[in-house]
Amino acid sequence: MASFDRVVAGFWHPDIEYLRLPPLTDDLVADAETQLGVTLPLDLIRLLKIQNGGVVAEAWDACPVETNFYADDHVPFEQLCGIGPAGQATTTTLLDTPYLVQEWDLPSPVVLLGGEGHYWIALDYRDCGSAGDPPVVWIDNEMDHELLLAPNFRGLIERLTPSAGFPE
C-alpha cells in the first residue's frame, strides 16, 4: 500500500486532457457541496486542486479487491471526475451525480467519482450522513452488486495500484 502523498505526486496522467476542467477554486468547492448536499472529503479536494479531474496515471488505475463481477482481483479506477458545471457535453463532473443517480437508478445519497454507466465508484453517504467521512464503494448497476473498496477516500487512494499488475 502506497502513502497518500506518494500516490498524489503522480496521480494524474500527464499527457491526456480528457475530463480535465479549469482549475478548482474554493468557490467551486462550496458551490458543489451546496448543490450535492454533502461535505466532500478534504483529500478529494486536495487532489482536485492539483488537477480538476482527468485520467488517472497507469501506476494508480486499479483498486485490488477479493471478489467482484468485473474481475476476480480488481476494479478499474481509470478516471476521476472534477468539479464543474453539470451537463457539459464533453465532460462528466461530480455535479452530474444527481442526474446519473436518477438515470441509472443508483442508490442515494452518493457522489459519483467515476464510472462507465453500468458501474460506478462512489462516495457513499447513506450511513455516515451528509457531513460524514463517506466510504468508497463500487456499484455494479448491471449485476445489482455493491462492494466496499475503502473506508474513506484517502484509504481508496492508498490502495490504488497499476492494472497491468493483474493477470488478464
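Residues numbered from 1 in each chain as written. Predicted model: local features only at pLDDT ≥ 70, side-chain atom pairs only at ≥ 80, totals over all residues. Heavy atoms only, no water.

Looking at an unreviewed UniProt entry, one finds the protein chain named SMI1/KNR4 family protein and attributed to Actinoplanes oblitus.

J.: Help me understand the overall build of the protein chain in this model?
T.: The helix and strand tally for the protein chain stands at five helices and eight strands. N-terminal to C-terminal, the α/β element order of the protein chain is α-α-α-β-β-β-β-α-β-β-β-β-α. For a compact globule of 168 residues, the expected C-alpha radius of gyration is about 15 Å, and the protein chain comes in at 15 Å, within 12% of that figure. Projected onto the principal axes, the alpha-carbon positions of the protein chain cover approximately 40 × 35 × 30 Å. In the protein chain, buried positions account for 51% of the 168 residues. Summarising the internal contacts of the protein chain: among those between residues at least 6 apart in sequence, 57% fall at separations of at least 24. (Helix = DSSP H or I, 4+ residues; strand = E, 2+ residues; numbered from the N terminus. Rg over C-alpha atoms; globule rule 2.2 N^0.38 Å. Buried < 20%, exposed > 50% of the residue type's maximum accessible area, 1.4 Å probe, protein only. Contact = heavy atoms within 4.5 Å.)

J.: Sorry if this is basic, but what is going on with the packing of aromatic side chains here?
T.: For any pair of aromatic rings, the description consists of the separation of the ring centres together with the inter-plane angle of the planes. One pass over the full model with this rule turns up three aromatic pairs. For the pair Phe 11 and Phe 77, a centre-to-centre distance of 6.3 Å together with 55 degrees between the ring planes defines the contact as tilted. Here Phe 11 is found in the loop between helix H1 (4-9) and helix H2 (26-36), whereas its partner Phe 77 is found in the loop between strand E3 (74-76) and strand E4 (79-80), with 66 residues between them in sequence. Like Phe 77, Phe 11 is buried. Centre to centre, the rings of Tyr 119 and Trp 138 are 4.6 Å apart; their planes meet at 20 degrees, and the pair counts as stacked. (Phe/Tyr/Trp six-rings, centres within 6.5 Å; stacked < 30°, edge-to-face > 60°.)

J.: Just to check I follow, could you spell out the sheet that holds strand E5 (residues 110-115) for this structure?
T.: Across a sheet, paired strands are connected by hydrogen bonds in the backbone, their directions being either parallel or antiparallel. Strand order in the open sheet formed by four strands is E5-E6-E7-E8, and the pairing between neighbours is antiparallel. Bordering the open sheet on either side are E5 and strand E8 (145-150), each of which pairs with just one other strand. Strand after strand, the sheet turns through a mean of 30 degrees between neighbouring axes, direction not considered. In the sheet, strand E7 (residues 136-140) pairs with E8 via five bridges, with the strands oriented antiparallel. (Pairing = 2+ DSSP bridges. Axes fitted to C-alpha atoms, helices over the stretch in contact; angles between N-to-C directions.)

J.: Got a minute to help me understand the pairing of E5 in this structure?
T.: Walk down a regular strand and you will see the side chains alternate between the two sheet faces. Here E5 lies mainly inside the structure; six of its six residues are buried. Sheet analysis places E5 next to strand E6 (residues 119-124), joined by five bridges and oriented antiparallel. What sits directly across from Gly 115, in E6, is Trp 120. Hairpin connection, E5 to E6: the antiparallel pair is bridged by three residues, and Gly 117 has positive phi, about 95 degrees.

J.: I keep staring at the side chain of Gln 51 and nothing clicks. Help me out?
T.: The topology assignment puts Gln 51 in the loop between helix H3 (42-50) and strand E1 (54-55). With relative accessibility at 13%, the residue Gln 51 sits in the buried group. Polar contacts involving the side chain of Gln 51 include one to the side chain of Arg 20, which spans 3.4 Å. If near-sequence neighbours (up to four positions away) are discounted, Gln 51 is found in contact with Trp 12 and Arg 20. (Polar contact = N/O pair within 3.5 Å; in protein donor to acceptor, adjacent residues only side chain to side chain.)

J.: Sorry if this is basic, but what is going on with the pairing of E7 here?
T.: Within E7, five of the five residues are buried, which leaves it mostly tucked inside the rest of the structure. In E7, alternate side chains face the same way, and those of Val 136, Trp 138 and Asp 140 on one face and Val 137 and Ile 139 on the other are all buried. In this structure, E6 lies alongside E7, joined through five bridges in antiparallel fashion. By the bridge assignment for E7, Trp 120 is matched with Ile 139. Counting the residues that bridge the hairpin from E7 to E8 gives four residues, and of these Asp 144 lies at a positive phi of roughly 50 degrees.

J.: Just checking my understanding: could you explain the side chain of His 13 for this structure?
T.: Note that His 13 resides in the loop between H1 and H2. Beyond its immediate chain neighbours, meaning those up to four positions away, His 13 contacts Arg 20, Val 55, Val 56 and Ala 57.

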